[in-house]
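# Per-entry structural report
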Amino acid sequence: MSSATWSALQGVGCLVWLPLVIVVALAAGDTRWRELGVNSASLSLVAWGIALGALASSVAMWLWSIASRRLPVALCGMLIVSETVFAVLYGAVYAERAPTGAEAAATLLLAFGVVLGVRAFAKPGEAIVA
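The paragraphs below set out a description of the structure included in this document. (Residues numbered from 1 in each chain as written. Predicted model: local features only at pLDDT ≥ 70, side-chain atom pairs only at ≥ 80, totals over all residues. Heavy atoms only, no water.)

The next point concerns a nonpolar patch on the surface. A contiguous nonpolar patch, built from V12, V16, W17, L20, V21 and V24 and spanning about 610 Å² of accessible area, is present on the exposed surface. Here W17 is to be found in helix α1 (residues 3–27). (Patch = residues over 30% accessible without salt bridge, like charges linked within 9 Å, V, L, I, M, F, W, Y side chains within 5 Å. Areas by Shrake-Rupley, 256 points an atom, 1.4 Å probe, with all protein chains shown as cover. Salt bridge = Lys/Arg side-chain N within 4 Å of Asp/Glu carboxyl O. Helix = DSSP H or I, 4+ residues; strand = E, 2+ residues; numbered from the N terminus.)

Next up on the list: the environment of A74. The residue A74 is located in helix α3 (residues 73–77) in this model. Each C-alpha atom of the pair A74 and V118 lies 9.8 Å from the other, and the pair is 44 residues apart in sequence.

What follows covers the pattern of salt bridges. Taken as a whole, this structure holds one salt bridge when the rule is applied. Its salt-bridge partner being E103, residue R97 comes within 3.0 Å of it at the nearest N-O pair. A relative accessible area of 25% means that E103 is categorised as partly exposed. (Buried < 20%, exposed > 50% of the residue type's maximum accessible area, 1.4 Å probe, protein only.)

Packed helices, taken two at a time, are described by the angle between their axes plus the distance between the axes. The N-to-C vectors of helix α4 (residues 81–94) and helix α5 (residues 101–121) enclose an angle of 160°; their axes lie 10 Å apart at closest approach. When the axes of α4 and α5 are compared, the pair comes out roughly antiparallel. For the pair α4 and α5, the crossing hand works out as left-handed. Between α4 and α5, the contacting residues are V81, T84, V85 and V88 on the first element and E103, T107, L110 and V114 on the second. Counted by class, the contact of α4 with α5 contains five nonpolar, two polar and one charged residues. (Axes fitted to C-alpha atoms, helices over the stretch in contact; angles between N-to-C directions. Parallel < 35°, antiparallel > 145°, perpendicular 65-115°, else oblique. Left-handed = near helix turned anticlockwise from the far one by under 90°. Contact = heavy atoms within 4.5 Å. Nonpolar A, V, L, I, M, F, W, Y, C, P; charged D, E, K, R; others polar.)

Moving on, we get to α4. Along its 14 residues, α4 runs 20 Å from first to last C-alpha, staying within 8% of the 20 Å computed at 1.5 Å per residue. Those residues of α4 that fall on the buried side of the exposure criterion are V81, V85 and A92. Taken end-on, α4 shows its buried residues confined to a sector of 35°, consistent with a single buried face. The exposed set on the far side of α4, more than 90 degrees from its buried face, consists of E83, Y90, V93 and Y94. Elements that come into contact with the buried residues of α4 comprise α5. One or two positions beyond α4, positive phi appears at E96, with a value near 55°. (Expected span 1.5 Å × (residues − 1). Arc of directions from axis to C-beta.)

Okay, structure coming up:
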């Protein structure tokens, strides 16, 4: 199965579960969506968010599928660190603050560990871009 086909199947699977997630969130009393209000600007924002999320998710799944086929499992597993690093950064942006010292230190240690891991997989004499 090609990477594109697999990515498309993952996207369809997520889309199938989305209505259930929305129903469960509403049943649990999640009312944050009401803060937007219902007007053309908020609907436009939601539409752009969904479109951008779908596009970004599709591209990310496609690239992950390609990487997971071309890289050794141990090296591919290190790519998941990017999710943690970006979660810390996005969380800080959302909270309108800089990352705390602990968050910055942990992020740097994770990145340093990946650099060491990539170096361990490099062949002698091979240039490493890191």
